[in-house]
Amino acid sequence: GRTRSATEQVVDRIDLIGLDKTSRGFIRKLPDSPFTTAQLHRVMRADPSWTGRLEIARRLRAEGSRREALKRLKDAQRSGTSTETILLTAEIQAEVKQRKAAIELLSKIGPEDTNYAAALLLTAKLASLSGDSDAIDDAASSLTELGNVGALRALAEQLMFDRRIQKVSPLLDHLRALSGE
């Protein structure tokens, strides 16, 4: 329905204008792997190094071939690293228990980037799993400064799941303040 229609509109835009910053922003808002094979080929013709490699890695990940996906992403990084590539690589590294490498990679995403909140959230989740209180505090503090309610809620849920009640209390207080309760 909507996703299929939105995906087709984005692909049509890319055919007309090319894969510019706005088109990439639209792609980021689509769910993972939304493209049909024909659409993916059209987008890959516009920018094979970014879209093609990311989409292949996403599909490999979805099929359970995480190590192969990491290999493809490593190849993609040789031709320039986008924050989308960094974030996807870190997510997959986390899934294959390479948490330290994932956290190190996520530190390359800065506050000026649209993926900063997602990077902070993943950093905090990995730090929680590793028991790194300082990293949890740093990421939570940065997320609080951003005021990204969705990321703050997701972090609060993760910290509650991980039974880190002392870490979640300040986040819940901040969320209450943001919502006016």
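Above: the structure in question.
Teacher, can you tell me more about the packing of helix α9 (residues 133–146) against helix α11 (residues 165–179) here?
Two numbers describe a pair of packed helices, the interaxial angle and the distance between the axes. For the pair α9 and α11, the least separation of the axes is 11 Å and the interaxial angle reads 5°. Judged by the angle between their axes, α9 and α11 are roughly parallel. Counting all contacts with α9, which are made through S133, I136, D137, A140 and T144, the residues of α11 involved are K167, L171 and H174. Partitioned by chemical class, the residues of the contact of α9 with α11 number three nonpolar, three polar and two charged.

Whenever I open this one, unusual backbone geometry confuses me. Can you help?
Although it is not a glycine, K97 sits at a positive phi angle of roughly 65°. Structurally, the position occupied by K97 is in the loop between α6 (83–95) and α7 (99–106). Residue K97 is classed as exposed on the basis of its relative accessible area of 61%. Phi at R163 is positive, roughly 60°, even though this residue is not glycine. Residue position: R163 is located in the loop between α10 (149–161) and α11.

Explanation requested: the pattern of salt bridges in the structure shown.
In this structure the tally under the stated criterion is six salt bridges. The salt bridge partner of E95 is R66, with a shortest N-O separation of 2.7 Å. Pair noted here: E95 is in helix α6 and R66 is in helix α5 (residues 66–77), with a separation of 29 residues, a long-range link. Judged by relative accessible area, which is 31%, R66 ranks as partly exposed. Salt-bridge contacts for E68 lead to R72; the nearest nitrogen and oxygen are separated by 3.1 Å.

How do you make sense of the packing of α6 against helix α8 (residues 116–130) when you look at a structure like this?
Where α6 contacts α8, the two axes come as close as 11 Å, and the packing angle between them is 15°. Taken together, the axis directions place α6 and α8 in an arrangement best described as roughly parallel. Remark: the crossing between α6 and α8 carries left-handed chirality. Every residue of α8 that contacts α6 at L87, A90, E91 and A94 is listed here: A118, A119, L122 and L126.

Criteria and thresholds
- Counting restarts for each chain, with residues numbered from 1 along the sequence as it is written.
- For this predicted model, a pLDDT threshold of at least 70 governs which residues receive local features, and a threshold of 80 or more governs which side-chain atom pairs are given and counted, while totals over whole chains, interfaces and linings are taken from all residues.
- Remark: hydrogens and water are excluded; side-chain values derive from all non-hydrogen atoms of the structure.
- Axes here refer to lines fitted to C-alpha atoms; in helices the fit is confined to the stretch in contact. Angles between the N-to-C directions go from 0 to 180 degrees.
- A run of H or I in DSSP becomes a helix once it reaches four residues, and a run of E becomes a strand once it reaches two; helices and strands are each numbered from the N terminus.
- Here roughly perpendicular refers to angles of 65 to 115 degrees, roughly parallel to angles under 35, roughly antiparallel to angles over 145, and oblique to all remaining angles.
- Only heavy atoms enter the contact rule, under which two residues are in contact if any of them lie within 4.5 Å.
- Amino acids are sorted into nonpolar (Ala, Val, Leu, Ile, Met, Phe, Trp, Tyr, Cys and Pro), charged (Asp, Glu, Lys and Arg) and polar (every other residue, Gly among them).
- A simple rule labels every residue: compare its accessible area, found with a 1.4 Å probe on the protein chains alone, to the largest value its type can have, and call it buried under 20%, exposed over 50%, or partly exposed in between.
- Salt bridges, as used here, are contacts in which a Lys or Arg side-chain nitrogen is within 4 Å of a carboxyl oxygen on Asp or Glu.
- Handedness of a crossing follows from how the near helix is turned relative to the far one, being left-handed for an anticlockwise turn of less than a right angle and right-handed for a clockwise one.

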